[in-house]
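A look at the structure
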Amino acid sequence: MKNQFLEAGQIVNTHGIQGEVKIVPWCDSPEFLLQFDTLYLDGAPVKVRAARVHKGNVLAALEGVADVNAAMALKGKTVSIDRSGVVLPEGRHFIADLLGLEVLDAGSGEKLGVVADVLTPPAHEVYVVKGEHEYMIPAVDEFLAETNVEGGYIKVRLIEGMRTDV
C-alpha cells in the first residue's frame, strides 16, 4: 500500500529573524517543493505563505511561524508532501514506491531480489537490488524492461558487472 504522505526534505535551520526556515530537499530538485501550498510536519498540515530556492535549498515562510524562535523549534523536523498533489511524468515513480519491489530477470523470469535502495547520482538513478546476490542496476531503458509498481515488480536486463558481490 502506498503511503499518502512522502518525506520530501528536512528543516535544517532558520533564515533571518522573521521565521523563515531552511529546508534541504530530498526530491529531484528544490523547485519541486515550490509547487506545494501545504507541507506536513509530524502529520499536521502547515500552509506555505511563501517559498523560494536559495543555494539549492528552499527558504519557506510557514503559517504560524512568525519569528526566529518559532522557526528554531522546527529545526530537525522532516517535511512531507501529499502524493495526491503530484502528477509525475510518464515512466517516473516515487522512490518510496520502488523500495521493496521484486526484481525479476526479463529473460528467465528468475527473481533476483528486491529493490533495497535507490542511489541518485547526477546522471541517473541506480537501483540497489539485494537477494541471494547484490546488483547495482542503472535505471535506464537499456536495462529496465518493465516497471510495474501496482504489480509489485520490475523486470530488468542484466549485463556483466552489475552483480557487485562477485
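Since the model is a prediction, treat every value here as computed from it, not as a measurement.

All right, on to the UniProt feature "domain: RimM N-terminal" (unreviewed entry) in the protein chain then. If you check UniProt for "domain: RimM N-terminal" (unreviewed entry), the listed places come out as residues 8–84 in our numbering. Helix makes up 12% of residues 8–84 and strand 52%, with an end-to-end C-alpha separation of 14 Å.

Attention now goes to the packing of aromatic side chains. What the rule picks out here adds up to 2 aromatic pairs. Between Phe32 and Phe36 the ring centres are 5.4 Å apart and the planes differ by 65 degrees, which places this aromatic pair in the edge-to-face class. Side by side, Phe32 and Phe36 carry an identical accessibility label, which is buried.

Following the sequence through the fold, Thr14 ends up in strand 1 (residues 5–15). By relative accessible area, which is 16% here, Thr14 ends up buried. Discounting residues that sit within four places of it in the chain, Thr14 has contacts with Glu20, Val21, Val68, Ala71 and Met72.

Another point: the UniProt feature "domain: Ribosome maturation factor RimM PRC barrel" (unreviewed entry) in the protein chain. Summarizing the sequence annotation, UniProt attributes the feature "domain: Ribosome maturation factor RimM PRC barrel" (unreviewed entry) to residues 97–161 in the numbering used throughout. Annotation note: span residues 97–161, helix share 3%, strand share 49%, distance between end C-alpha atoms 26 Å.

With that settled, consider the pairing of strand 11 (residues 144–148). In the sheet, strand 11 pairs with strand 12 (residues 153–156) via 4 bridges, with the strands oriented antiparallel. Bridge pairing in strand 12 links Thr147 to Ile154. The hairpin turn running from strand 11 into strand 12, its antiparallel successor, is 4 residues long, and Gly152 in that turn takes a positive phi close to 85 degrees.

This model, assessed by the stated rule, comprises 6 salt bridges. For Glu102, the salt bridge goes to Lys111, with nearest N and O atoms at 3.3 Å. According to the relative accessible area criterion, Glu102 is partly exposed, its value standing at 33%. Taking relative accessible area as the criterion, Lys111 reaches 47% and is therefore assigned partly exposed.

Strands pair in a sheet through their backbones, by hydrogen bonds, and they do so in one of two ways: parallel or antiparallel. Pairing within the open sheet is mixed, and its 6 strands lie in the order 10-9-8-7-12-11. Edge positions in the open sheet fall to strand 10 (134–138) and strand 11, since each of these has one partner strand only. Within the sheet, the average angular offset between the axes of one strand and its neighbour, ignoring direction, is 30 degrees. Sheet topology places strand 8 (residues 111–119) next to strand 9 (residues 126–130); 5 bridges connect them, and they run antiparallel. Looking at strand 9, one finds that Val115 is bridged to Val129.

Cut-offs used in this document
- Residues numbered from 1 in each chain as written.
- Predicted model: local features only at pLDDT ≥ 70, side-chain atom pairs only at ≥ 80, totals over all residues.
- Heavy atoms only, no water.
- UniProt positions renumbered as here; feature names shortened; annotations may be inferred.
- Helix = DSSP H or I, 4+ residues; strand = E, 2+ residues; numbered from the N terminus.
- Phe/Tyr/Trp six-rings, centres within 6.5 Å; stacked < 30°, edge-to-face > 60°.
- Buried < 20%, exposed > 50% of the residue type's maximum accessible area, 1.4 Å probe, protein only.
- Contact = heavy atoms within 4.5 Å.
- Pairing = 2+ DSSP bridges.
- Salt bridge = Lys/Arg side-chain N within 4 Å of Asp/Glu carboxyl O.
- Axes fitted to C-alpha atoms, helices over the stretch in contact; angles between N-to-C directions.

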